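# Secondary and tertiary structure notes
Chain by chain, the residues run as shown.
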Amino acid sequence: MKYNQAVEHYLRNCEASGRSYNTINSYKSALRIFGEYLDRQLISSVVSITPDTLISWKSEAAGSVSPSSLRLYATIVNGFFAFCHEAGFIPANPYKAKLMHVAVKDSDRKDMLSHIITEQDFASIMLADRPAHMHRGAVARNKAIIALLVTSGIRCESLCRLTHSDLDYLTHSIRIINAKGGKNDEILYSSVAFAAVQEYLASGYHPAEWTEEDPLFGFVDGSGIWTPYSRSQLSNIVESSIRSFVGKSGFRSHAMRHTFASFLSNNGMSDGEVSILLMHSDGTGAKVTSRYIKRDNSNLFKKADAIFNSILTKNAKQEANRK
């Protein structure tokens, strides 16, 4: 069987197994990179791939990607070959764990903590007047995106798919469907984010035919269709907005998730409580319990909401004096 055909079978199986959209895209990317290497080696059949092929690919890739990325790619490729073996496409899995091991040191990891905006920065963004060169709707959109990222901890891929119907201010909750790891859950919808979203909705940025079931954030494409932003587009909006509002560069969307956790921790929330709001665990370290228990996080949402309201309140006077 051709490599590309085997990849198509594998990805269809992943979709049928309920893998998340983000996970499948990650698989596609890694398998495409590996497939490009096979093309350069004139290898087209999945049966022709040997341990030596994988080791050579690992050696070549090590010169162009980070150790953490290479380890992720190797793990995905291993899963692909395990599937191929179980499906009968190949007689044995050519992936050998000891040969393909990639060590990742702390120094290799991204220093996300160096790209956390300060509480004053966040207040400045949310309280800022509209820059003269920016459209009212674009400013409202940018503030709403940043408010949701910073005060809910939502992942960028979930924000791309978010609709207005997923937002419930009465319960201070945002419904998340098929997030990382295929999870469904609820996260905080803060008063700060609610105010920003309401301003955005009132700005007229959406086309007239937009409904509450359409993506909350997007653009009108060349065919006149309201189209959701991609992860990279949303992240670019975050980076350019923060640079425009507070003059700081290099802040991408995922850094806002670290900002969310840091704000809560620095204002008295326990690590366990923060882990719940990040959808990491149930706060006890026993992740399995979240599969069986429907938690009522309303009190925790109120506690976190008060923290974000406080951040804006205590910085508002200082921001007014600065202007």
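To be clear, the structure that these remarks concern was listed above.
Quick look at the structure, then.

A complete count under the given rule lists 18 aromatic pairs for this structure. Ring centres 5.4 Å apart and planes at 50 degrees place the aromatic pair Tyr10 and Phe83 in the tilted group. Within this pair, whereas Tyr10 is found in helix α1 (residues 3-16), its partner Phe83 is found in helix α4 (residues 67-86), the two being separated by 73 residues in sequence. This pair shows no difference in class: Tyr10 is buried, exactly as Phe83 is. Arranged with centres 6.0 Å apart and planes meeting at 75 degrees, the rings of Tyr189 and Phe194 form a pair that is edge-to-face. According to the relative accessible area criterion, Tyr189 is buried, its value standing at 2%. Members of the aromatic cluster, connected to one another through ring pairs, are Tyr3, Tyr10, Tyr27, Phe34, Trp57, Phe80, Phe81, Phe83 and Phe89.

A few words now on the sheet that holds strand β2 (residues 173-176). Adjacent strands of a sheet pair through backbone hydrogen bonds, lying either parallel or antiparallel. Taken in spatial order, the three strands of this open sheet run β1-β2-β3, and their pairing is antiparallel. With partners counted over all chains shown, the strands left at the sheet margins are β1 (167-168) and β3 (185-188), one partner each. Here β1 runs beside β2; their pairing, made up of two bridges, is antiparallel. Pairing of Leu167 across the sheet is with Ile174, part of β2.

In this approach a probe as big as a water molecule rolls over the atoms, and the regions it shows empty are the leftover space. Under the defined criterion, the tally for this structure stands at one cavity of 30 Å³ or more. A volume near 70 Å³ is recorded for the largest cavity. If you go around the largest cavity, you meet 12 residues; those closest to its centre are Gly153, Ile154, Arg155, Arg257 and Met279. When its residues are assigned to classes, the lining of the largest cavity shows seven nonpolar, three polar and two charged.

Under the 1.5 Å per step criterion, the end-to-end length of helix α7 (residues 136-152) is 24 Å for 17 residues, consistent within 8% with the ideal 24 Å. With respect to burial, α7 is a largely interior element, 16 of its 17 residues being buried. Gly153 occupies a position one or two residues after α7 and carries a positive phi of about 75 degrees.

Take the pattern of salt bridges next. Using the criterion set out here, one finds eight salt bridges in the structure. Between Glu60 and Arg40 there is a salt bridge whose closest N-O contact spans 2.3 Å. Linking Glu60 in helix α3 (residues 51-61) with Arg40 in helix α2 (residues 21-40), this pair joins segments that are 20 residues apart in sequence. Classification of Glu60 as partly exposed rests on a relative accessible area of 39%. As a salt-bridge pair, Lys248 and Asp121 come within 2.7 Å of each other at their nearest N and O atoms. You can see Lys248 sitting in the loop between α10 (231-246) and α11 (253-266) and its partner Asp121 sitting in helix α6 (residues 119-127), a full 127 residues away along the chain. Among the residues examined, Lys248 registers a relative accessible area of 32% and is labelled partly exposed. Looking at Asp121, the relative accessible area reads 8%, which means it is buried.

Right, let's get into unusual backbone geometry. Unlike most non-glycine residues, Leu42 shows phi in positive territory, near 60 degrees. Assignment of secondary structure puts Leu42 in the loop between α2 and α3. With phi around 55 degrees, His172 is a residue other than glycine that occupies positive phi space. With respect to the helices, strands and loops of the structure, His172 is situated in the loop between β1 and β2. For His172, a relative accessible area of 15% corresponds to the buried category.

To continue, consider the nonpolar core. Residues Phe122 and Leu148 are the most contacted members of the largest nonpolar core, which totals 62 residues. Tallying contributions element by element places α7 first for this core, with nine residues. If we skip the residues at most four places from it in the chain, Phe122 touches Ile117, Ile146, Ala147, Val150, Thr151, Val192, Phe263, Ile311 and Leu312.

Rules behind the numbers
Residues numbered from 1 in each chain as written. Predicted model: local features only at pLDDT ≥ 70, side-chain atom pairs only at ≥ 80, totals over all residues. Heavy atoms only, no water. Phe/Tyr/Trp six-rings, centres within 6.5 Å; stacked < 30°, edge-to-face > 60°. Helix = DSSP H or I, 4+ residues; strand = E, 2+ residues; numbered from the N terminus. Buried < 20%, exposed > 50% of the residue type's maximum accessible area, 1.4 Å probe, protein only. Pairing = 2+ DSSP bridges. 1 Å grid on protein atoms, 1.4 Å probe; cavity = no way out; pocket = protein on both sides within 12 Å on 5 of 7 lines; lining within 4 Å. Points joined across faces, edges and corners; volume = space filled by probe spheres on them. Nonpolar A, V, L, I, M, F, W, Y, C, P; charged D, E, K, R; others polar. Expected span 1.5 Å × (residues − 1). Salt bridge = Lys/Arg side-chain N within 4 Å of Asp/Glu carboxyl O. Core = buried A, V, L, I, M, F, W, Y, C linked by side-chain atoms within 4.5 Å. Contact = heavy atoms within 4.5 Å.

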